[in-house]
Amino acid sequence: MESKTKAGIKAALAAKAKRSGVKIASATHNRRKTATEKTVKEAEVPVQTDTVAMSDKKKILFVASECTPFIQTGGLAEVVGSLSKALAASGKFDVRVVIPMYSDIKWEYKQKFNYIGNIYVPLAWRNQYCGIFTYEKDGVTFYFLDNEFYFKRPGCYGYFDDGERFAFFSRSVLEIMPFINFYPDIMHCHDWQAALAAIYLKTNYCFRQEYQFIKALFTIHNIEYQGIYSMDILSDLFDIYGAYAGLVEYNNCINLMKGAIECCERFSTVSPTYAEEIKNPYYAHGLDPIIRKNEFKLTGILNGIDDIGYNPQNDTHIFAPYSAEDFSGKKVCKSELQRMLGLYDSADTPIIAMISRLAAHKGLDLVTTVIDEILQADVQFVLLGTGETHFEGWFADLARRYPGKVSANIMFNGDLSRKIYSGADIFLMPSKSEPCGLSQMIACRYGTVPIVRETGGLKDSIHPLENGYTFTNYNAHDMMYVVREAISDYKNKEEWAKLMYRAATTDFSWNQSARQYEALYFDMLKY
């Protein structure tokens, strides 16, 4: 009878995987695999380092809520996808990534996932199913944790039970380690959605011998989103009891980011300037006392971009290819962009572009204050993005008032964003706060000169007259002064071409960032 029951369970699992179109691998076979038996594929990222035998590689596990190329809502996914690939390419690490199995994961990848088995995850009074799928790409092993109750929904976030969803995910990360036979040297958790993985590691799992030597690194991508909940649900929802409650309690609420900062061995932000800024109440959204208390653990490392994916020489989204040595194709991109967006076709008129979420902290109030004055000059303005309703309406009306000079595209369109990066002359990014920012780096890659406010990663990546323009004070007329300076400099074609070249050749690849993370990992493992 018992053998029939087991056979029935196996048949049911096989039928479910078959219905979802996912390949099935033998769970027993996969459990027998050890890290020394897995072959790491050659990665595309050109980090030149001596490779290390698999048994000697340090084990890194990324815990995140999203990751490129599978699913992306923002910069977090790009960081996780690109950094893991760069670290694997160094040959020094066995890098693995775990994310939830969302229903919106791209089918082109999902159909290639291998089902390796399932476990049941305890979370307070619940005992929930967790299916485990795996996929290898660019030398990185990816795990996808499946529970249709939590993750078979459109998108990644914004649900009333997000706390419970990511508590389940974080608990599952620790529970699958015996199943996949992988106990990392460092568990690298990203943002509040993965904060509980670091908290559980140092609380509920701290007495289990196999977990005692795992170090936790927590990275803050945006301190504004902290995972704040009522203390009333601490034990029932998050399975945290007794003395451990003090780790996550802050201002009479549960604060998951605060708990992760307290529990991890080290924590980091996505730029050195942002690491300093979040010690200040103006930027910290109430967490500055906790940041200052733990600043001895804090490191700031500037993100990079995928310089292979963002390359105007082989970007299929843009109208014509070009390079830093030959910008002739960029002129074609500009002319075609003007025609596509209904702007006057004028090669000598600079195009100022913004690609942004339409939110107040992106500096849009500065733009709305002075854009009418700026548009009195021979200049065009292109906007791409969605967000707060009043900004959407304001910029749509601006385009109506300035036909042929302004194009407001209230949408998110990846293809159009590439066309704007390649066709614009100036990229405006006047953020009130910006942990890192990727758009200014992408703009540089396409030879579009950025104008940024000196905050966070914008200050660390853009330097006046080296690869762009900057202003310090959060002031609309300070911004306008710099914009007018750039418009004036644009008329000097020889000097502007040199500035474009310096911007396009700035090294924003992940190689340098990966080396800094590598140094941080080895520093953590000293003790």
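Residues numbered from 1 in each chain as written. Predicted model: local features only at pLDDT ≥ 70, side-chain atom pairs only at ≥ 80, totals over all residues. Heavy atoms only, no water.

Undergrad: Go over the confidence of the model for the protein, please, and point to the residues and values.
TA: It should be kept in mind that the predicted coordinates are not to be read in detail where pLDDT is low. Residue-level pLDDT values for the protein average 90, and 90% of them are 70 or greater. Per-residue pLDDT stays below 50 along residues 1-50; that stretch engages in 73 contacts with residues further than four places along the chain or on separate chains. (pLDDT = per-residue confidence, 0-100. Contact = heavy atoms within 4.5 Å.)

Undergrad: Describe the pairing of strand E16 (residues 406-409), listing the residues and the values that go with them.
TA: Across four bridges, strand E15 (residues 380-384) lies against E16 in parallel orientation. Opposite Leu384, over in E16, you have Asn409 as the bridge partner. For the crossover from E15 across helix H16 (residues 389-401) to E16, the handedness is right-handed. (Pairing = 2+ DSSP bridges. Helix = DSSP H or I, 4+ residues; strand = E, 2+ residues; numbered from the N terminus. Right-handed = clockwise from strand over helix to strand, strands pointing away.)

Undergrad: Explain the environment of Ala275 to me, and be specific about the residues and the numbers.
TA: With respect to the helices and strands, Ala275 occurs in helix H11 (residues 272-277). Taking relative accessible area as the criterion, Ala275 reaches 5% and is therefore assigned buried. Sequence separation between Ala275 and Ile301 is 26 residues; the distance between their C-alpha atoms is 8.6 Å. Residue contacts for Ala275: discarding those within four places in its chain leaves Thr269, Leu298, Thr299 and Gly300. (Buried < 20%, exposed > 50% of the residue type's maximum accessible area, 1.4 Å probe, protein only.)

Undergrad: I'd like a description of the sheet that holds strand E11 (residues 253-255), backed by residues and values.
TA: Reading across from one edge, E9-E11-E10 is the order of the three strands in this open sheet, with antiparallel pairing throughout. Of all strands in the sheet, those bounded by a partner on one side alone are strand E9 (228-230) and strand E10 (249-250). Here E9 runs beside E11; their pairing, made up of three bridges, is antiparallel. Each bridged residue has a counterpart across the sheet, and for Tyr229 the counterpart in E11 is Ile254.

Undergrad: Before we move on, could you go through the pattern of salt bridges and cite the residues and values that matter?
TA: Per the counting criterion, the structure on display carries 25 salt bridges. One salt bridge connects Glu276 with Lys279, and the closest N-O pair in it is separated by 3.2 Å. Taking relative accessible area as the criterion, Glu276 reaches 51% and is therefore assigned exposed. We classify Lys279 as buried; its relative accessible area is 18%. Lys498 is the salt-bridge partner of Glu495, the closest N and O atoms lying 3.5 Å from each other. Of the two residues, Glu495 and Lys498 are both situated in helix H21 (residues 493-504); the distance of three residues between them amounts to about one turn of the helix. Glu495 gets classed as partly exposed once you look at its relative accessible area, which sits at 40%. (Salt bridge = Lys/Arg side-chain N within 4 Å of Asp/Glu carboxyl O.)

Undergrad: Report on the packing of aromatic side chains, specifying residues and quantitative values.
TA: To describe a pair of aromatic rings, one takes the distance between the centres and the angle between the planes. This structure, assessed with the given rule, holds 32 aromatic pairs. Judged by centre distance (6.2 Å) and plane angle (45 degrees), the rings of Phe151 and Phe168 are tilted. Separated by 17 residues along the polypeptide, Phe151 in helix H5 (residues 148-151) and Phe168 in helix H6 (residues 162-180) bring together distant segments of the chain. On the basis of relative accessible area, Phe151 is assigned to the buried category, the value being 1%. Residue Phe168 is classed as buried on the basis of its relative accessible area, which comes to 0%. Three or more aromatic residues joined by ring pairs form one cluster here, namely Phe70, Tyr109, Phe113, Tyr135, Phe142 and Phe144. Between Arg171 and the ring centre of Tyr200, over which it is positioned, the NZ or CZ distance is 5.3 Å. Looking at Arg401, its charged tip hangs above the ring of Trp394, at a distance of 5.8 Å from the centre. (Phe/Tyr/Trp six-rings, centres within 6.5 Å; stacked < 30°, edge-to-face > 60°. Lys NZ or Arg CZ within 6 Å of the ring centre and 35° of its normal.)

Undergrad: Run through the pairing of strand E17 (residues 426-429), naming residues and quoting values.
TA: Side chains of E17 alternate between two faces, with Ile426 and Leu428 and Phe427 and Met429 buried alike. For E17 and strand E18 (residues 449-453), the ladder comprises four bridges, and the chain directions are parallel. By the bridge assignment for E18, Leu428 is matched with Ile451. Regarding the hand of the β-α-β motif, the stretch spanning E17, helix H18 (residues 439-445) and E18 is right-handed.

Undergrad: Lay out the packing of helix H15 (residues 364-374) against helix H20 (residues 476-490) in plain terms, naming residues and giving numbers.
TA: The contact between H15 and H20 brings their axes to 9 Å, and the two run at 40 degrees. By the angle class used here, H15 and H20 are oblique. The two elements H15 and H20 meet at a crossing, and its hand is right-handed. Across from Leu366, Val367, Thr369, Val370, Glu373 and Ile374 in H15, the residues of H20 making contact are Ala476, His477, Met479, Met480, Val483, Arg484 and Ile487. Of the residues belonging to the contact of H15 with H20, the class tally is nine nonpolar, two polar and two charged. (Axes fitted to C-alpha atoms, helices over the stretch in contact; angles between N-to-C directions. Parallel < 35°, antiparallel > 145°, perpendicular 65-115°, else oblique. Left-handed = near helix turned anticlockwise from the far one by under 90°. Nonpolar A, V, L, I, M, F, W, Y, C, P; charged D, E, K, R; others polar.)

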